[in-house]
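# Structural overview for review
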Amino acid sequence: MVQAIEAYEHVIEFDASRGEAFANLGFALARTRRFERAFEMSALALELSHPGAEEARVRQLIAKTYVEKGTSELESARSMSAVEARPRVDAAIEAFERAVAFDPQQVDAMAHLGMAWTRLNVFERAFETLQRALEVSRTEAEAKRVNELLAQTYLKQARENL
């Protein structure tokens, strides 16, 4: 990933008008957990992108950057108690919601968002979000994964109601 970051930095040195290069750099930075800089690059990418296909690609990359942030927050909360984990889960929810705002077809973001709501036992929001993810699933594999998450959410809800 370091090589990708360096390569995109060189691309930008030669041509600082390419929004997509900034978006790719932002995503690569997010993959290395350098989120503050990743979001700075994402903001520049959005400013520079041309309406149409380029802007759509930039928005998809920014959404993926937010998914990385949310996933990182959830991973760090995994071994914590519910009380300790709450701020991390809240941060994850915010990141996943931003991802969906940038790309309303982002199934991965919706799936993670649904599971974050499940973690907080906010089942109504979890089911709504996962149903939306199912509706926009583009492949059978995506739909299968979302259905599995729905099943896990129903199981957790049943356990909580015992």
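About the cut-offs
- Throughout this document, residue positions are counted from 1 along each chain, in the order its sequence is written.
- Reporting of local features is limited, given that this is a predicted model, to residues whose pLDDT is at least 70; pairs of side-chain atoms are given and counted only at 80 or more, and all residues count toward the totals for whole chains, interfaces and linings.
- Note that the side-chain values use all heavy atoms of the structure and ignore hydrogens as well as water.
- Working definition: a ring pair exists when centres of Phe, Tyr or Trp rings (six-membered ring for Trp) sit within 6.5 Å. Plane angles under 30 degrees give stacked, over 60 give edge-to-face, the rest tilted.
- Every helix listed is a DSSP run of H or I at least four residues long, and every strand listed is a run of E at least two residues long, numbered separately from the N terminus.
- Using a 1.4 Å probe on the protein chains alone, a residue whose accessible area is under 20% of its type maximum counts as buried, one over 50% counts as exposed, and one in between counts as partly exposed.
- Residue contacts are counted whenever heavy atoms from the two residues lie within 4.5 Å of one another.

By the definition in use, this model includes four aromatic pairs. Relative to Phe39, the ring of Phe35 lies with its centre 6.4 Å away and its plane at 25°, an arrangement referred to as stacked. Taken as a pair, Phe35 and Phe39 lie in helix H3 (residues 35-48) at a separation of four residues, close to a single helical turn. On the basis of relative accessible area, Phe35 is assigned to the buried category, the value being 10%. Here Tyr66 and Phe102 contribute two aromatic rings whose centre-to-centre distance is 5.8 Å and whose plane-to-plane angle is 15°, an arrangement assigned as stacked.

This paragraph deals with the environment of Gln157. Residue position: Gln157 is located in helix H8 (residues 140-160). Of the residues examined, Gln157 reaches a relative accessible area of 24% and is grouped as partly exposed. When residues no more than four places from it in sequence are discounted, the contact partners of Gln157 are Phe123 and Phe127.

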